[in-house]
Structure formats: structure tokens, C-alpha cells
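Below are the chains, spelled out letter by letter.
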Amino acid sequence: MKRFVSLLALAVIALTANAKDQLHLYNWNNYIAPETVKRFEEQCKCEVVQTYYSDNEELLAKLAAGAKGYDVLVPTSNAVQALIKGGQLKPIDKSQLPNLKNIDPAYLNTPFDPDNKYSVPYAMSLTVIGYNDQKIKELGLPTDTWAVVFDPKYVEKIKGRVTVLDSSSELFAAALKHLGYSSTDVEEAHWKQAVDLIKKAKPFWAAFNASSYIKELTVGNIWLVHGYSNDIFQANLDAQAAGRPFHILHGLPKEGAVLAVDNMVIHKDAPRPDLAHKFMNFMLEGRNSAELTNLIGSGNPNKEAIKYIKPEILKNLAIFPDKAMTSKLEQLKDMTPAQRRLRNRMWTEIKAGR
Amino acid sequence: MRTVFQSYALFPHMTVEGNIAFPLQMAKTPAAEIPGKVEEALADVRLLGFGKRYPHELSGGQKQRVAIGRALVTHPTMLLLDEPLAALDAKLREEMQIELINLQKEVGITFVYVTHDHTEALALSHRIAVMNKGRVEQVDQPSKLYNFPSTRFVADFIGTCNLLDGVVIAAESGTVTIEVEGLGPVRATTMLRTAAGARATIALRPEKIRIEPTAADAVCENRFQGTITDFLYLGDVTVYRVSTPGGKKLEALLANSEAGRTEFFESGNTVTMSWPADAGHFLDS
Amino acid sequence: MAARSDGRLGKWLVIGPPLAYLLVFFAAPALIMALASFRTPGEFGGLSPLLENGKIDLNLDSYARFFTDSIYAQIFLKSVWYALLTTLFCLLLAYPLATLIAKSGKRHRDLLLLLVILPFWSNFLIRVYAWMIILGPNAALARMVNGVLAWVGHEPVPLLFSSFAVLICLVYVHLPFMVLPLYANLEKHDQALLDAAQDLGANAWQRFWRITFPLSLPGVYAGAALVFIPALGIFAIPDILGGPEDSLIGNVIKQQFLETRDWPFGSVLSIVLTVAALAIAGFAAWVARGSLGTPSSAGEARA
């Protein structure tokens, strides 16, 4: 019994020690520069403990199942919407975020979180076309249209060399765009057209892939992908580092594309909301925000960050789209359970290969 | 030829019928004929009604019979039984021996029976081949083998035997005298030709030796004094170890049923051993 | 009196922990899953409240969805088919391997067993990703295969992102689960039975097919269950190595809990999967008993 008590005491001490000056950041993998973390730790005299997720669904599932102990999360806007609906977030205290003024107003007060009660923008990416410049030039294929992914007359020329994201929302969004609809269209008839479009193109695709397409692009196995702009940026860095004779470039579809804005939010059960606010304000500083863009090629909604960003990244239209492109970008919205069921039914049908 | 293995080697996943049908199937017997033949074999080994059982549901003796039935069902000309009774207890073994003899008579084919147990060999066989280091030493009927072994090995291997080694000192028309060390001159009859000076052995079965407390009637040609050193009382018989003054040790076996025997010897008793000349079997060296 | 209560306490001390383990880690989650299958998906994910406006919200909607839409049954059948093929190929590969191990001397045997379980020392996903490299279009294997195909005038085929890749990796990952029980069985076989069979006129093939194989069936069934059941529910391999057609039931279940956030339907699919796995295992056990006559025949082989 005595031993049990002392064990318990030890556990309590361990717990309190754990709760002391630690910020728990639940983030995408490789989504903050190590030097930024270090600088924040020095500044706040605390430790940043990071855990990672690989997609919003993983984050949502984990929190829905009752996971606790996280301070700051970095979900995409539509997941923010779901988290707000699910009552998982703590309102932010803007008085503690003076750097919020650095954010481009175009990214504030969105329908996902009116008046930014819960979230502040962190970084962004576009879902675009990534391609092997050598191969695609040789074949004379266009790279400024979703047709190259969906239209058999193009995609048949790169049969087995194309991957699309293994995400129903992203793929439907691209297909809906190609059909001339909004990527957030919820009209069932339009979805059915998207299903037909996807099913016709599917035989030419190598795989639905969400994880390994970066590597496959880098080594030259895959020549064209439907993927995230920062992944495509990464693939090119890797290809250049490996001395490949080709580049992996971004193709911006003229029909429009999905914009994913990732936002910092505070979990409702955050052990340290004070540190969470400090961290958010810190990340809203131009220099800190720029470090992420320079590392992974993510888009940046922070006006103050621009001057720290490498010029070659700044001029990449898939990372910093111009006015014309920006007007064609759409953010995905969270769906109702019924819509999700219908979408999943269609997705299952697509995947089942009927 | 078929073999019956020591462990029976019945196929545990097949019924008795399945086991017995196996060699028929291997021999591509028409399927329609198999049940009849299996039934016949079951009858031969008196296992009718056991066909649907699995080996683990049978007694040791029944397993044995299945093994034999399986071996006989294809009517081989010869059956090799490799120490089939070694795993059984003494009582059951005796029963099985009688059963095997009867079975052999019924099926009328040659059984080759491998055993290390000489009494089993004597009990079961018409002819016995004694093998030593892969070489056949003697092939004979059991009684011939026992009474007239042709080599020292056979004499020693089949039953117990006193082997009296010595040198021939006299040989005349069927009777030889051998000077046995530690014992003295021993007379034996033989049909073999031999001459004085040759080395020879007399094989003398323990039960051929008479033991008496005093020097008895002189009917027996061979008579020696000795002292009982050990004895084993076995119920029906008693085995005595007798040491001669010259240091030769002999074994003698006395049936306890012998009429009028009231007296048993003890260790340390001085006795007279005697046997007739034709009791010992002369072996040429 | 004291001794008796001691005995009871001892019994509970022995039974207690495994029982508690089963209750906590098997029965309770199964019950939670069963209950979830009758509930309604929450707006945000998870489940909507069980008690709404004073009414308990339990319904058969998710079951109705499963049983009225044949697409799920189709995916199920496809998954069963993949799992069956995996089991079959594992058996074909494992049998000679297990025989070899069982027949080799003590020293080699330990080494060979070690080699069989060696892959477990590295992470499952790493082993799966390794196949991406092995099967990649620029790797030696694909070049060789496509070289041969070109020679016979066939257009090149991709090995990666295909059913072939999924199947080969399924077999690779599950092979040890077939080898080990088979080895454990074959190692106990009595050589005298084969000698007897040979004496009774059986050739090498007949000795295998009539004696060794039927006696190894308990090992085959154990291995088949160990391979088939996990292969039926797997999702990582088709996700990583599969082509556009290679979505299996495991992937569909995963989607329900992640992308679609439809826990009730995911629970229904999981329950159907569990029931199917149990039914197939039960069927295999039943067939096993039928074909062997007795459950103890493996032990008997030794006698």
C-alpha cells in the first residue's frame, strides 16, 4: 500500500512537472521551422511539445474520440468549421494578439469563422497540378487545366503516370471545377456528373495517393499529380537535391483550384491557454511566419512576412497567386452528415471500380 | 512383402477401415472391391465391427491387429513383423503370440518376425535365423537351435548356456574328453570328428545339470564338486550359481516341481553337480 | 475453511487478470461498437447525443444502408477474395518452407526460424514502403518483367500501384503467420507413418497427400486463420501499394471514421467484418473437425 501511495505521488509529480511551462502543439508534420520553435522556446522560457497528424480527418477523429492535452491545433478552415460546430474550441482573446494586424484582411472574417472568434490564419496551400517538366513538355500536354487530369484525350498519353489525391473532397472539388461548378457545390446531380468524370479518367491513373506521390514525382515514376502546392514544391527541392535532369513544376488550372488555409486554434481543454496565445502572437510575427514559407513553400497570408521570404518563392504563382488566380480560388466547406454519407457512397463506388 | 512396425504406425487420421483400405488404394484396386476386401481382413484379425473407429479408440492389442490386417489385406507372400510386441506387457504379449501363431496358420504365408527376445523367437517360430553383426550364424528349427547350436554365439544368445572351453585330450568313436580349465576333464558325445589337442567348447544348458547334496550314484560320466554362491528362486524353477574349487562358475537350473524335492540349497552349501556325456553339446572352435 | 477460501482466491487470482483483460480490451470495445452502430452520426463527427428531446435515439439506418446497397457487399466479397488468395499463396509458399525447417537439424532449424521472424523486427509500414521501391517502374524487377513482356510483344505493365503489388505485399507480410503454426505441426510428425505408407505401396506424392498433408491440417487451419483474418481487414497495404481499383473493406471502414466521420456506418461495417471473420474461422474449424474425425489426431501422430 505504501509503495502504491509513493508511486501515485510520483505520478502526480510527473504530471505536474509535465504541466509546467509546456506548450502542446498538435500540428501537421513538418509544418513549423525548427529554428522558429527554438526561438519561441527561448522567448517564452517553455518547451514546445509537438505531436503530428497527417490529415484533418485524423485530427477531427482524435478530438471527437475525446483526446485532450493539446493547446494549439492547426486545422484547415473547413475543419475549423467542424471543430467550432463540435464545440471543441476556446474563443481567442484578441487583446493578446497584437500581431493579428499583420494578416491580410482578405483572409480574416471568413464564413468559416466570422470575426475570427476562434482562429487566426497560419499558412496556406493550393491544390493544383504538379508535373515533370521534361516529360510533359515532350508530350506537349497542357498544364493549366484540370482537363489534363480528367480528359481522356490528354490523360491517356500519360496512362499509369498520374496520381490524384486520395481524398474525396479534393478530387470532387477538382472534378466539379473542371465541370464548371463551384468546388463547394452540393447539388447531387452535379456530384453524379463528377463521379462519371472521375470514373472515365480513373483507368488512366496509377493510384489514389496522398502520401507517397512526392517521392514518386522526385524519382520520375509519376509525371503528373493532383496535389498540394507545398508537396510539389518539396518534390522539386528533392529532385534538384538528387540532381535529377528534370524539374517538378506547379500547374495552375485556369478553372480554379482549392485554397486551403490552415489556422491556429486553441482547444477547449487547453492546459495552457496563456502559452497558446503567446505562441499564436509569436507566429503572427512576419519573420517567424516567413520561416515556414521558406522551408516548405507554403502560401502566406501575413503581409509582414513578405519581406523575409525568398524571392524565388514569392514569384511562384502557385504559392503566391496573383489577383486573377486568387479570384478563382475556393476554400472547401464542412459538409452535413447526410452530404458526407452521399459523398462517401459515391467515393466507395468510384474506388470499388464499378 | 509387407511390414508391421514396432509402433504399428497406424494412420491416426483414418478409421480402421481407412487404414486397411490404404494399401488397396495404393495398389489401384477397383473401388468396388475394396469394402469386401476390407471386411475380409477385419474378419481375419477378428475386428469386425471396429471398422469405423479411429486408432486412438483402440487398445494396444487391437491396434496390433489392425496393423496386421492392413499388412495382410493385399495378400503379400511374406510379412515382416518388426518387434511388434515389444511395447506390450508380458501377459498381453503371450496372448498376442498365440494369436499370431493362429493367424499365421490361417493365412498360411511366411511371417518374418524380428525380435531380440529369444523366448519369443523360440515360441513363435518354425525356423529361426540367428544373426550376429549382420551375419547369419545359424538357421534351424527352434529345438535344434536350442539343443544343437552350431556356434558359441548361438548357444549363448538362445537361452542361457554354460560354455566350457578347453582342449580335447581324447577322442574316440563319438565321445570326446575335454580338459576344461578350473573344472577338469569333461566327457561329451559328438558326431564331429576331432583330435586330441584341438580347442573346443562344450555348451551345457543349466537345466541339464543335476545338483545333489552328496556324491550320488555314478550313472553320470561327469561329476564335479562345487559350492553354491548365489541362487534365484523363480517359483517354478530355481537358478543356482555354483563355483568349483578350480574357480569355474556354472549355472544350474532345478525345476521345483521335481518329485520328492523337499530340500533347497543355500549359499555356501557344498554340492555335487553331475550330467551325462550326451547332455553337453560339443562345439568345434 | 480458510484453505477453501484461499483456493477460491487463488483461482480468481489466476483467472482474474486475463478475464479483466478480455472484458476491458475485447468485450467493452465490441459493445461500444455494437451500440454505436445503432446511433446517428454527429454533426461535427463522432455520434449525436443518445438522448435527444427525452427520446433515445437508436435506429437501424446504418444497417439498412449496408444491406440495401450492394456495393458494400461487393467490396466485402472482393476483400474476401484477396484474403483467400493471400491465404492460398501463403500456404503454397509456407508449406515447403515449414517442411524444410522441420526436417533440418537443430542448429539450422533455429537459424531458419529466426530468419522467418526476422522481418517482425522492423516496422510494418517500413516493410510495406520497401515494396514501393522493389516494385517501382525503374527497379530491376519491373525492368526484367517488362523486358520479357516487350520480348513477347506485350506492352509494359506497372507493378507498383496494382492488385499484384497489394497481393504480393499481403502475402509477404502474413507469410510468417503461416510458417510458424505449420512448422509447429510438421515438426511433430512421426517418420514411422511415412515408412509404413511407403511399405504399403504409397509413392512420394501419395505419402504427402494421404498422410503428411491430412495430418498437417490443424497447422494449416491455424495458419489460415492467422493469415485470413488480418488480411481481410487490412487497409494500409491497399492504401500505399494499391492502384485505383484496389480499395478493400478495411479502407472503406477507415474512411467512415476519418473522411466521412460516420461512426455508426463504420461500426456496422466493422461488425459485419468481425462476424464474417468469426463465421469463416468457425467454418474452418468445423471443416477441420469433419476431415480429421478427431481434434486430437495431431497428438496421436506422435505416439
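Just so we're clear, the structure is a prediction, and the values are computed from it rather than from any experiment. (Residues numbered from 1 in each chain as written. Chains lettered and ligands numbered in written order. Predicted model: local features only at pLDDT ≥ 70, side-chain atom pairs only at ≥ 80, totals over all residues. Heavy atoms only, no water.)

This part takes up the overall build of chain B. Helix and strand content of chain B: seven helices and 15 strands. In terms of overall dimensions, chain B is more spread out than a globule: its C-alpha atoms have a radius of gyration of 25 Å, far above the 19 Å expected for 285 residues. The 285 residues of chain B split such that 47% are buried. Long-range contacts, defined here as pairs at least 24 residues apart, represent 62% of the contacts in chain B between residues at least 6 apart. Within the structure as shown, chain B displays about 14400 Å² of accessible surface, and the carbon and sulfur contribution to it stands at 53%. The averaged location of the 34 negative side-chain charges in chain B is 5 Å from the averaged location of its 28 positive side-chain charges. (Helix = DSSP H or I, 4+ residues; strand = E, 2+ residues; numbered from the N terminus. Rg over C-alpha atoms; globule rule 2.2 N^0.38 Å. Buried < 20%, exposed > 50% of the residue type's maximum accessible area, 1.4 Å probe, protein only. Contact = heavy atoms within 4.5 Å. Areas by Shrake-Rupley, 256 points an atom, 1.4 Å probe, with all protein chains shown as cover. Lys, Arg positive; Asp, Glu negative; His and termini not counted. Charge placed at Lys NZ, Arg CZ, Asp CG, Glu CD.)

Considering every residue of chain B, the mean pLDDT works out to 86; 96% of them sit at 70 or more. The element-level mean pLDDT for chain B is lowest in strand β10 (residues 210-212) of chain B, coming to 83, with helix α1 (residues 16-26) of chain B highest at 94. (pLDDT = per-residue confidence, 0-100.)

Residues and elements named next belong to chain A. In terms of domain boundaries, chain A breaks down into domain 1 (2-123 + 260-319) and domain 2 (125-258 + 333-352). Centre-to-centre separation of domain 1 and domain 2, based on C-alpha positions: 29 Å. With 17 residues of domain 1 at the interface, the matching set in domain 2 holds 13 residues. Counting each side, the surface lost to burial between domain 1 and domain 2 is near 1200 Å², with a carbon and sulfur contribution of 52%. If you sort the residues of domain 1 by the area they bury against domain 2, A260, I296 and A318 come out on top, with a joint share of 38%. At the junction of domain 1 with domain 2, the criterion picks out one salt bridge. Linking K85 and D334 is a salt bridge whose minimum nitrogen-to-oxygen distance equals 3.4 Å. Across the domain 1-domain 2 interface, the total number found is four residue pairs in polar contact (both at pLDDT 80 or more). (Domains from an automatic or database assignment. Buried area = accessible area lost by both parts, 1.4 Å probe. Salt bridge = Lys/Arg side-chain N within 4 Å of Asp/Glu carboxyl O. Polar contact = N/O pair within 3.5 Å; in protein donor to acceptor, adjacent residues only side chain to side chain.)

A few words on the nonpolar core. If you look at the biggest cluster of nonpolar residues, it comprises 147 residues, and the most contacted ones within it are F150(A), W205(A) and L241(C). Summarising the domain contributions, this core has at least three residues from each of domain 1 (2-123 + 260-319) and domain 2 (125-258 + 333-352) of chain A. Not counting residues within four places of it along the chain, the set of residues in contact with L241(C) comprises V128(C), W131(C), M132(C), L160(C), F161(C), S162(C), A165(C), V166(C) and C169(C). Ranked by size, the runner-up nonpolar core spans 32 residues in total, among them V16(B), I68(B), L88(B) and Y113(B). (Core = buried A, V, L, I, M, F, W, Y, C linked by side-chain atoms within 4.5 Å.)

Let us now look at the side chain of N294(A). Of note, N294(A) is situated in helix α13 (residues 286-296). In this view, N294(A) contacts Y308(A), I309(A), K310(A) and I313(A); residues no more than four positions away in its chain are not counted.

With that settled, consider empty space enclosed by the protein. Applying the stated criterion to the full structure yields three cavities of 30 Å³ or more. Roughly 90 Å³ of volume is contained in the largest cavity. Every residue lining the largest cavity is counted, 13 residues in all, and those nearest its centre are S77(A), Y107(A), T110(A), S119(A) and N263(A). Going through the elements one at a time, α4 (77-85) and β10 (257-267) of chain A are the ones with two or more residues in the lining of the largest cavity. Within the lining of the largest cavity, the residues separate by chemical class into five nonpolar, seven polar and one charged. Approximately 80 Å³ is the volume attributed to the second largest cavity. Along its surface, the second largest cavity is lined by D166(A), F208(A), K351(A), P238(C), D239(C), G242(C), G243(C), P244(C), D246(C), S247(C) and N251(C). Within the lining of the second largest cavity, the residues separate by chemical class into three nonpolar, four polar and four charged. (1 Å grid on protein atoms, 1.4 Å probe; cavity = no way out; pocket = protein on both sides within 12 Å on 5 of 7 lines; lining within 4 Å. Points joined across faces, edges and corners; volume = space filled by probe spheres on them. Nonpolar A, V, L, I, M, F, W, Y, C, P; charged D, E, K, R; others polar.)

Let us look at the pattern of salt bridges. All names here are of chain A. Across all of its chains, the model carries 30 salt bridges over all chains by this definition. For K351, the salt bridge goes to D166, with nearest N and O atoms at 2.9 Å. On the criterion of sequence distance, the pair formed by K351 in helix α16 (residues 337-352) and D166 in the loop between β6 (162-164) and α8 (168-178) is long-range, its members being 185 residues apart. As far as the burial class goes, K351 and D166 line up, both buried.

Our focus in this paragraph is the interface of chain C and chain A. As a measure of interface size, the accessible area lost when the parts come together is often cited. Across the boundary between the two partners, chain C contributes 42 residues, which contact 43 residues of chain A. Summed over both sides, the interface of chain C with chain A buries roughly 3400 Å², with 52% coming from carbon and sulfur. Considering only the side of chain C, the residues that lose the most area to chain A are F44(C), P244(C) and E259(C), jointly responsible for 22% of the buried surface there. Counting the contacts that link chain C with chain A gives four salt bridges. The partner of R345(A) in a salt bridge is D69(C), and the shortest N-O contact between them spans 2.0 Å. At the level of elements, α2 (61-68), α3 (70-103), α5 (124-135), α11 (249-257) and α12 (263-292) of chain C are the ones that each hand at least two residues to the side of chain C that touches chain A. A per-element tally of the side of chain C that touches chain A places α3(C) first, with six residues. Across the side of chain C that touches chain A, the residue classes tally to 18 nonpolar, 14 polar and 10 charged.

A cluster of nonpolar side chains, L9(C), W12(C), L13(C), V14(C), I15(C), L19(C), Y21(C), L22(C), L23(C), V24(C), F25(C) and F26(C), forms an exposed patch at the surface whose accessible area comes to about 1300 Å². Relative to the helices and strands, L9(C) is located in helix α1 (residues 2-36). (Patch = residues over 30% accessible without salt bridge, like charges linked within 9 Å, V, L, I, M, F, W, Y side chains within 5 Å.)

Right, let's get into the environment of V155(A). Residues and elements named next belong to chain A. Within the fold, V155 resides in helix α7 (residues 152-155). Owing to a relative accessible area of 0%, V155 belongs among the buried residues under this scheme. Spatially, the C-alpha atoms of V155 and L224 are 9.4 Å apart, while their sequence positions differ by 69 residues. Those residues in contact with V155 that sit more than four places away from it in its chain are V148, V149, V162, F204 and W205.

Under the counting rule described, the total for this entry stands at one disulfide over all chains. Disulfide pairing places C44(A) opposite C46(A) at an S-S distance of 1.9 Å. Because the sign of the S-S torsion sets the handedness, a value of about -75 degrees for the bond joining C44(A) and C46(A) places this disulfide among the left-handed ones. As far as burial versus exposure is concerned, C44(A) and C46(A) are alike and both buried. No disulfide involves C90(C); its sulfur sits 11 Å from the nearest other cysteine sulfur, which is in C169(C). Owing to a relative accessible area of 0%, C90(C) belongs among the buried residues under this scheme. (Disulfide = S-S within 2.5 Å.)

At the junction of the two partners, chain B supplies 22 residues and chain C supplies 22 residues. Buried surface at the junction of chain B and chain C, summed over both partners, amounts to about 1800 Å²; 66% is from carbon and sulfur atoms. Looking only at chain B, the three residues that lose the most surface to chain C are P12(B), H13(B) and M26(B), adding up to 34% of its buried area. Counting across the chain B and chain C interface gives zero salt bridges. Applying the counting criterion to the chain B and chain C interface returns four residue pairs in polar contact (both at pLDDT 80 or more). Broken down by element, the residue count for the side of chain B that touches chain C peaks at four residues, all from α1(B). Of the residues contributing to the side of chain B that touches chain C, the split by class is 13 nonpolar, five polar and four charged.

This brings us to the side chain of S48(C). Topologically, S48(C) is positioned in the loop between α1 and β1 (51-52). The exposure class of S48(C) is buried, given its relative accessible area of 11%.

Summarising the sheet, strand β1 (residues 22-28) of chain A and strand β2 (residues 47-53) of chain A pair through seven bridges and their orientation is parallel. Paired with L23(A) across the two strands is V48(A), which belongs to β2(A). (Pairing = 2+ DSSP bridges.)

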